[in-house]
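Here is how the chains run, residue by residue.
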Amino acid sequence: MKSILNCLISVVSFIAYTNNDAMAFTISNQKGVGYSIRNRNVNSPSILSARRDNRIQQHCEDVSSIIKQTATLLCSVALMFNVHVGSVDAAVAPLADVGLREFLVKDGKELLRLSIPSTLPQTSDAEKVGDWGRSLQEHTELVRLRLEQVGFSGKTAVWSACLKEVNAAKSDLVKVDGSAEEKTNIGNKLDELANALRKQDIVDTLRLQEDAAAAVGDLRLASLVPGKLPFEIPNDYKDLPRLKGRTTVQCVLSKNNGGSFRLEDGTQSKAATLLLVIDGYHAPITGGNFVDLVERGFYDGMKLKAEGELLVESQDIDFVDPKTREVRQLPLELFYKRDSSPVYEYTSDEDMRADMRATEGFSLPFQAYGALGMEHDPENVNT
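Figured I'd write up the structure that's included with this text.

Conventions and cut-offs
- Residues numbered from 1 in each chain as written.
- Predicted model: local features only at pLDDT ≥ 70, side-chain atom pairs only at ≥ 80, totals over all residues.
- Heavy atoms only, no water.
- Helix = DSSP H or I, 4+ residues; strand = E, 2+ residues; numbered from the N terminus.
- Expected span 1.5 Å × (residues − 1).
- Contact = heavy atoms within 4.5 Å.
- Buried < 20%, exposed > 50% of the residue type's maximum accessible area, 1.4 Å probe, protein only.
- Phe/Tyr/Trp six-rings, centres within 6.5 Å; stacked < 30°, edge-to-face > 60°.
- Lys NZ or Arg CZ within 6 Å of the ring centre and 35° of its normal.
- Axes fitted to C-alpha atoms, helices over the stretch in contact; angles between N-to-C directions.
- Parallel < 35°, antiparallel > 145°, perpendicular 65-115°, else oblique.
- Left-handed = near helix turned anticlockwise from the far one by under 90°.
- Nonpolar A, V, L, I, M, F, W, Y, C, P; charged D, E, K, R; others polar.
- Salt bridge = Lys/Arg side-chain N within 4 Å of Asp/Glu carboxyl O.

### So, helix 5 (residues 180-199)
At step 1: Here helix 5 is 20 residues long and its end C-alpha atoms lie 29 Å apart, about the 28 Å a rise of 1.5 Å per residue gives.
At step 2: Contact partners of the buried residues in helix 5: helix 3 (132-150), helix 4 (156-175) and helix 6 (202-222).
At step 3: Positioned one or two residues after helix 5, Gln200 has a phi angle of 55°, which is positive.

Okay, structure coming up:
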C-alpha cells in the first residue's frame, strides 16, 4: 500500500482534467510563512479556505487536487472532481474521527475551520476543555451538516435542532476571546442565521451559515500567534523550508494546443484557475517545501499528462537544492487527530496505527472535496 502524506487541504474554485496542460503558480504573501516570500500577483489572500471565483466553475463531480512526489521527486497533480450535492435523505454514518458527532464532514472549508489548532490534540469535547472557540465553530458547522445529511423538506424537528445549535453558538460567543467589533459582527451573523432558520429558508440559511462559520474561523485564526507553530519541529529537519501557518497558492492551467476549458455557464476560457490553501499547522515541512518550490518557479510551465481517472502527473523531475547541491529529501509527515504534533518517518503500519487511525484519524482526512496532498515512495519514508 502506498504511503500517502495527509497534509494539505484546499478547496478549488475550478479544476480541469486534460492531457498535456501546463501550469504556472503564484503565491500570496501571508503571515506565518517560515521564510520570506514575495507577492506574485495574487489579491488579498484567504488563510481559511480557497476563494471562490464565480467566473470560473466547471461542471464536474469531484473537485480536488493532489501534488505528488515519488522517490525521484516526481511532481504531479491528482484531480478528483466533485461538486456540492446538497441535502440527502438520511444521516451518513461516518468512519471514526472523520466527522463531527454523527455527521461526515467532506467540505474542505469546514475541515480547515474545524482543524484550527486552538487545542492540541484535537478534542471531541471542546466545552469540557474550555475551548469555546472550537465549540462555537462546531455548533455553527452543525447547522449545515444537519440540513444536508438529515434533510430539511418538511422536517420541522431538523430546523428546530439547527436553531438550538445557533443558540448554543451565541452562548459560546460570550466566552470567546476577541475584539468587541469582531464578536458583534459574528453575533449579528448568528442572529440573521437564526431568522432564516425560523423561516425555514434553505437558500438563505446555507448562505448565512457559511458567512457565520467563516467569520468564526477568522476570529479563531486571529487568536493564534503569527509565525509560530503550537509544537516544535525536530532539529533533524532544520535545513528544510517550513510553513508556519496557512497561505494561498494560485495555479493556472492552460492547454498547450491553445484549446479552451468549458465553464459552468457554457462559455469557454483559455485558462483554468485553482486556488490552493496550504496548511502549515499540520504539515509545516511538506507545506514549506511546496511553497518554496512555487516561489522558485519550479512548477511554472510544467507539462501535465492524465494517468487514469484521478491523477494528472508531470514528468520525473528532481529538485536539486542550490545550497547543498543535492536532491532535496522530505520526511513522511503525518498528523493524527489524537496527537499534538506530526509524526515523522513512520507509516501508519510501522507506527502500529493501521487498525486504529491509519485512514480515519488524520487531522485533515482525505475524504474532503478538494483534498491536496503529497505522495511518498511506498518503499522510502524520506522521498
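### Quick notes on the side chain of Thr140
At step 1: Tracing the backbone shows Thr140 in helix 3.
At step 2: We classify Thr140 as buried; its relative accessible area is 1%.
At step 3: With residues up to four places along the chain from it excluded, the contact list for Thr140 reads Ala169, Leu190, Gln209, Ala212, Ala213 and Val216.

### Thoughts on the packing of aromatic side chains
At step 1: Using the criterion set out here, one finds seven aromatic pairs in the structure.
At step 2: Between the aromatic rings of Phe231 and Phe335, the centroid separation amounts to 5.8 Å while the plane-to-plane angle is 65°, which identifies the pairing as edge-to-face. With a gap of 104 residues between them, Phe231 in the loop between helix 6 and strand 7 (246-255) and Phe335 in the loop between strand 15 (333-334) and strand 16 (343-344) connect regions that are remote in the sequence.
At step 3: Between Phe298 and Tyr299, the ring centres sit 5.3 Å apart and the planes meet at 80°, which makes this aromatic pair edge-to-face. Neither Phe298 nor Tyr299 differs from the other in exposure class; each is buried.
At step 4: An aromatic cluster is built from Phe290, Phe298, Tyr299 and Phe319, whose rings are joined through pairwise contacts.
At step 5: Above the plane of the ring of Trp132 lies Lys175, whose end atom (NZ or CZ) is 4.0 Å from the centre.
At step 6: Over the aromatic face of Phe261 sits the side chain of Lys255, whose NZ or CZ is 5.1 Å from the ring centroid.

### A closer look at the environment of Leu364
At step 1: You can see Leu364 is positioned in the loop between strand 16 and strand 17 (371-375).
At step 2: We classify Leu364 as buried; its relative accessible area is 2%.
At step 3: Sequence-wise, Leu364 and His282 are 82 residues apart; in three dimensions their C-alpha atoms are separated by 8.0 Å.

### Here's the deal with the packing of helix 3 against helix 4
At step 1: Two elements in contact, helix 3 and helix 4, have axes separated by 8 Å at closest approach and are oriented at 170°. The angle between helix 3 and helix 4 places the two elements in the roughly antiparallel class. The handedness of the crossing between helix 3 and helix 4 is left-handed. Along the contact surface, helix 3 presents Trp132, Ser135, Leu136, His139, Thr140, Leu142, Val143, Arg146, Leu147 and Val150, while helix 4 presents Val158, Trp159, Ala161, Cys162, Glu165, Val166, Ala168, Ala169, Asp172, Leu173 and Lys175.
At step 2: Counted by class, the contact of helix 3 with helix 4 contains 14 nonpolar, three polar and four charged residues.

### Topic: the pattern of salt bridges
At step 1: The full count for this structure, using the stated rule, is 14 salt bridges.
At step 2: We note a salt bridge from Glu165 to Arg146, for which the minimum N-O separation is 2.9 Å. Note that Glu165 is positioned in helix 4 and Arg146 in helix 3, a separation of 19 residues in sequence.
At step 3: Classification of Arg146 as buried rests on a relative accessible area of 16%.
At step 4: The structure contains a network of salt bridges with shared partners spanning Lys109, Arg113, Glu141 and Glu210.

### What to know about unusual backbone geometry
At step 1: Look at the link from Leu120 to Pro121: it is a cis peptide, with omega at -5°.
At step 2: Residues other than glycine seldom take positive phi values, yet Gln200 does so here, at roughly 55°.
At step 3: Mapped onto the secondary structure, Gln200 falls in the loop between helix 5 and helix 6.
At step 4: The class of Gln200 is partly exposed, set by a relative accessible area of 37%.
At step 5: One non-glycine residue with positive phi stands out, namely Glu345, at about 65°.
At step 6: In this structure, Glu345 sits in the loop between strand 16 and strand 17.

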